[in-house]
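Notes for the structure review
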Amino acid sequence: MRAQPPASHFIDGVFHEDVEGAPFESLYPATGEAIARLHVATPAAVELAVASAARAQVAWGRTSGAERGRVLRRAAAILRERNRELSELETLDTGKPIAETLVADAASGADCLDWFANLAGDIRGEHVELGQSFVYTRREPLGVCAGIGAWNYPIQIACWKAAPALACGNAMVFKPSETTPLSALKLAEILGEAGLPAGLFNVVQGSGEVGAALVAHPKVAKVSVTGSVATGSRVMRAAAETIKPVTLELGGKSPLIVFADADLDAAVSGALLGNFYSAGQICSNGTRVFVERSARAAFVGKLLARVAKIRLGDPLDEATGMGPLVSRAQMERVLAYMRLGQEEGATLECGGRAARVEGFPDGLFVEPTVFTGVSDGMRIAKEEIFGPVMSVFDFDGEDEVVARANATEFGLAAGVFTRDVQRAHRVVAQLQAGTCWINAYNLTPVEMPFGGVKRSGIGRENGRAAIEHYTQVKSVYVEMGTAEAPY
Ligand code: NDP
C-alpha cells in the first residue's frame, strides 16, 4: 500500500481508526493497484468528530481574526513546502497527471488558505447611526460546518471549504469523496502542524451515507457540498429538516462562445483547457463550444491539430498531458456518451474510444474526443458527461447564440471569445451563469467568487462572497436614551 495513511479518519487532532466501519480501498486509476485501505466512518466516529468540532469551535470563535489568519498562513506555507509529495499523492488518488497536480491542486489550496488568512482579520459588521442611538452588526461564525467533497479536486475542494470556514471562526468536519479519500487527511495533519487547535478540522471517511449523517446532525450548523445536481438536491432537502444553510457547488454543461472576430488560437486554447484538463473531469468545463459559422472550419482545423498532440501516458511522468479517468464507473459512463454521440448522428472528429497506453494495460484511459455537427436536442448536448468530450456547434447571430447557450437547466459557467469589447460585455450580461470568462476559460483565482445559478448551485466559494456563507449577521440595537413603554 504505497499511500496508506496512519488511520482512516482524523478526529480531535489525531488520526483515528474504527475497524467496525466497512473497509474500502483507494485505487490508482492508471494501474488499478490498491494504494490505501480504509474504513467507512461509523455513526460513533461521526459523533466523535462533530462533538470535538463543537467543543473546539467555542474558543476558536473568540480568537482574533488576526491570530486565526496566522495559523492559516502557516498551513499555506507547509502546503507549498510539501507540494511535490502532496501532488504525487493526488496523482495516485485521482490519476490526474503530475504536470497538473503540481500547479493546480495543493498549490491552489495554499493560495486559498493564504487569501482567507489575510481576510480573517478584516471580517467586520456595520455601524448604523439612529440619531442618538445606534445599531451595530457583528459577523459571527455559524459553529460546526460540514464540508462534503467531490473526487476531481480533492485537496483543493477541502481548502476551498476549510479556509473560509476557519477564517470566519467555524470548525469543520470534512468528508472527502470515497473515491479520493487521502489528501484531506494530509490537510488535517498540516493544519495541526501549523497550530490549528485540535477538533477544528476533522476528516471522516465514507460514502453518501456518512455525508447524509453530517447533513442531518443537529449540531452541524451549515453544509457545503461539491458534487452532482442529484446529490445537491438530496442535501438541500435533508438540510431543510433542521433549517441549515447550504452552499451547493454542482454540475454544469457550460457554453463557450467563439465569435468570428476572436483570436482563434486563443479561443482554441480556451476550448482545450475547458474540455481536456483533468481528462475533462471539471464541473465548469465549456463542453458546448459554439463557433460562429464563418470561423468554424478554421477553428475546427486548429483544434484537431492540437488535440492530436495531447499526450496520454504515465501520470507520474511530467511530460504526460492527460491521465486516466478517476474510476471504472466514470470510464464506462464517458464511453457510453461517446457511443451515444455517434448513435445520435453527431460527427466524430477524433477519439471516441478507450485509449491504450503502453505499460498501463489496466489504466482507465479514454481518448480526447471532439464531436461536430451536434444539435441542441442531442443528449450529448444536454447532459453533463464529466470526461474529455467536446461538442462543437455552429451559430449565425448573437441573439441566437445567447438563447441557445441559456437553454439548459445548468448555469455554472460560460465563456466568450471576441475582440469586440462591447459585444463581450453585452453577451456576458445576458448569460445565465454564475462564473464567466472573457477571452479566457476555467481560470479560478481565489480572488474570484465561484459558483453557479439555476441547478448548478447556490452560494459562492472564494472571494469576499464566501465570507457571507460562513458567517451570520447579529444586529445589536443600542439605546442611548431611556427605554420607554406605552403602558
Ligand atoms: P457526487 O454527487 O456523487 O458526490 C459528491 C459528494 O457527496 C461525495 O463525497 C459523495 O459521497 C457525497 N454524497 C453522495 N450522496 C450524499 C447524500 N445523500 N448526502 C450527503 N453527501 C452525499 O459527485 P461526484 O463525487 O461524482 O463528483 C462529480 C460531480 O461533482 C459532477 O456532477 C460535477 O459537476 C460536480 N462538481 C461540481 C463542482 C463545482 O464546484 N460546481 C466541482 C467539482 C465537481 P461518495 O461519492 O463518497 O459516495
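Thresholds, definitions, all that
- Residues numbered from 1 in each chain as written.
- Predicted model: local features only at pLDDT ≥ 70, side-chain atom pairs only at ≥ 80, totals over all residues.
- Heavy atoms only, no water.
- Near = heavy atom within 4 Å.
- Polar contact = N/O pair within 3.5 Å; in protein donor to acceptor, adjacent residues only side chain to side chain.
- Areas by Shrake-Rupley, 256 points an atom, 1.4 Å probe, with all protein chains shown as cover.
- Helix = DSSP H or I, 4+ residues; strand = E, 2+ residues; numbered from the N terminus.
- Nonpolar A, V, L, I, M, F, W, Y, C, P; charged D, E, K, R; others polar.
- Domains from an automatic or database assignment.
- Contact = heavy atoms within 4.5 Å.
- Buried < 20%, exposed > 50% of the residue type's maximum accessible area, 1.4 Å probe, protein only.
- Pairing = 2+ DSSP bridges.
- Right-handed = clockwise from strand over helix to strand, strands pointing away.
- UniProt positions renumbered as here; feature names shortened; annotations may be inferred.
- Axes fitted to C-alpha atoms, helices over the stretch in contact; angles between N-to-C directions.
- Buried area = accessible area lost by both parts, 1.4 Å probe.
- Salt bridge = Lys/Arg side-chain N within 4 Å of Asp/Glu carboxyl O.
- Parallel < 35°, antiparallel > 145°, perpendicular 65-115°, else oblique.
- Left-handed = near helix turned anticlockwise from the far one by under 90°.
- Disulfide = S-S within 2.5 Å.
- Patch = residues over 30% accessible without salt bridge, like charges linked within 9 Å, V, L, I, M, F, W, Y side chains within 5 Å.

**Notes on the site of the ligand**
Near the ligand lie 28 residues; those nearest to it are Gly149, Glu178, Ser228, Thr231 and Glu384. Backbone polar atom of Leu250 to a nitrogen atom of the ligand: 2.7 Å apart, as the coordinates give it. In the complex, 86% of the free accessible area of the ligand, which totals 910 Å², lies under the protein chains. For the shell around the ligand, the secondary-structure elements that each account for two or more residues are helix H8 (208–216) and helix H9 (229–241). Of the residues belonging to the shell around the ligand, the class tally is 11 nonpolar, 12 polar and 5 charged. Looking at which domains feed residues into the shell around the ligand, each of domain 1 (9–251 + 456–474) and domain 2 (255–438) supplies at least three.

**Things to note about the environment of Val225**
Within the fold, Val225 resides in strand E10 (residues 220–226). Sequence separation of Val225 and Glu249 is 24 residues, and the distance between their C-alpha atoms is 6.2 Å. Not counting chain neighbours up to four residues away, the residues in contact with Val225 comprise Ile148, Lys161, Thr231, Val235, Thr247, Leu248 and Glu249.

**Here we look at the pairing of strand E12 (residues 255–258)**
Residues in a regular strand point their side chains to alternate faces of the sheet. A two-sided burial pattern is seen for E12, the buried positions comprising Pro255 and Ile257 on one face and Leu256 and Val258 on the other. Alignment of E12 against strand E13 (residues 288–292), held across 4 bridges, turns out to be parallel. Residue pairing in the sheet places Ile257 in a bridge with Phe290 of E13. As a crossover connection, the stretch from E12 through helix H10 (residues 264–276) into E13 is right-handed.

**As for the UniProt feature "modified residue: Cysteine sulfenic acid (-SOH)" (unreviewed entry) in the protein chain**
Under the present numbering, the feature "modified residue: Cysteine sulfenic acid (-SOH)" (unreviewed entry) in UniProt falls on Cys283. With respect to the secondary-structure elements, Cys283 resides in the loop between H10 and E13. Apart from the residues within four sequence positions on either side, Cys283 is in contact with Asn152, Leu250, Gly251, Gly252, Glu384, Phe386, Leu412 and Phe450.

**Observations concerning the sheet that holds strand E20 (residues 471–478)**
With respect to topology, 3 strands assemble into an open sheet ordered E5-E6-E20, the strand pairing being antiparallel. Strands with a single pairing partner mark the edges of an open sheet, and in this sheet they are strand E5 (127–130) and E20. Geometrically, the sheet is characterised by an average inter-axis angle of 20 degrees between neighbouring strands, direction not taken into account. As defined by bridge partners, E5 adjoins strand E6 (residues 133–141) across 4 bridges and the pair is classed as antiparallel. Opposite Val128, over in E6, you have Val135 as the bridge partner.

**Examining the domain arrangement of the protein chain**
What the domain assignment lists for the protein chain is domain 1 (9–251 + 456–474) and domain 2 (255–438). Contacts between the two partners involve 30 residues from domain 1 and, on the opposite side, 30 residues from domain 2. Surface buried jointly by domain 1 and domain 2 totals about 2,200 Å² across both partners, of which 61% is contributed by carbon and sulfur atoms. With its nearest N and O atoms 2.7 Å apart, the salt bridge here joins Arg84 to Glu318. Seen at the junction of domain 1 and domain 2, the total is 9 residue pairs in polar contact (both at pLDDT 80 or more). When residues of the side of domain 1 that touches domain 2 are traced back to their parent elements, those giving at least two are helix H3 (83–94) and helix H4 (98–104).

**A short note on the packing of helix H2 (residues 65–81) against helix H6 (residues 154–167)**
Between H2 and H6, whose axes approach to 10 Å, the crossing angle comes to 160 degrees. When the axis of H2 is compared with that of H6, the two are roughly antiparallel. Here H2 runs over H6; the crossing is left-handed. When H2 is examined against H6, the residues Arg68, Leu72 and Leu79 are found in contact with a partner set consisting of Ile155, Cys159, Ala163, Leu166 and Ala167.

**Here's the deal with the pattern of salt bridges**
Enumeration over the complete set of coordinates arrives at 29 salt bridges. Ionic pairing is found between Asp122 and Arg464, a salt bridge with its closest N-O pair at 3.5 Å. Of this pair, Asp122 sits in the loop between helix H5 (106–120) and E5 while Arg464 sits in the loop between strand E19 (457–458) and helix H16 (465–469); the two residues are 342 residues apart in sequence, bridging distant segments of the chain. Taking the shortest distance from any N to any O, the salt bridge between Arg423 and Asp261 comes out at 3.4 Å. Here Arg423, found in helix H15 (residues 421–430), pairs with Asp261, found in the loop between E12 and H10; they are 162 residues apart in sequence, far enough to count as distant. Under the relative-accessibility criterion, Arg423 is labelled buried at 16%. Here Asp261 falls in the partly exposed class, since its relative accessible area comes to 27%. Counted as one network, the salt bridges with shared partners bring together Arg82, Glu85, Lys186 and Glu193.

**Considering the state of the cysteines**
Counted according to the given criterion, the structure contains 0 disulfides. Free of any disulfide, Cys436 has its nearest cysteine sulfur in Cys283, 14 Å distant.

**Here we look at the environment of Lys474**
Inspection of the secondary structure puts Lys474 in strand E20. As for Lys474 and Phe299, which are separated by 175 residues in sequence, their C-alpha atoms are 54 Å apart. What Lys474 contacts, discounting residues up to four positions off in sequence, is Tyr136, Thr137, Arg138 and Glu140. Of the polar contacts made by the side chain of Lys474, one reaches the side chain of Glu140; its length is 3.1 Å.

**Regarding a nonpolar patch on the surface**
Residues Val128, Leu130 and Tyr477 make up a contiguous nonpolar surface patch of about 280 Å² in total accessible area. You can see Leu130 is positioned in strand E5. Assessed through its relative accessible area of 42%, Leu130 is described here as partly exposed.

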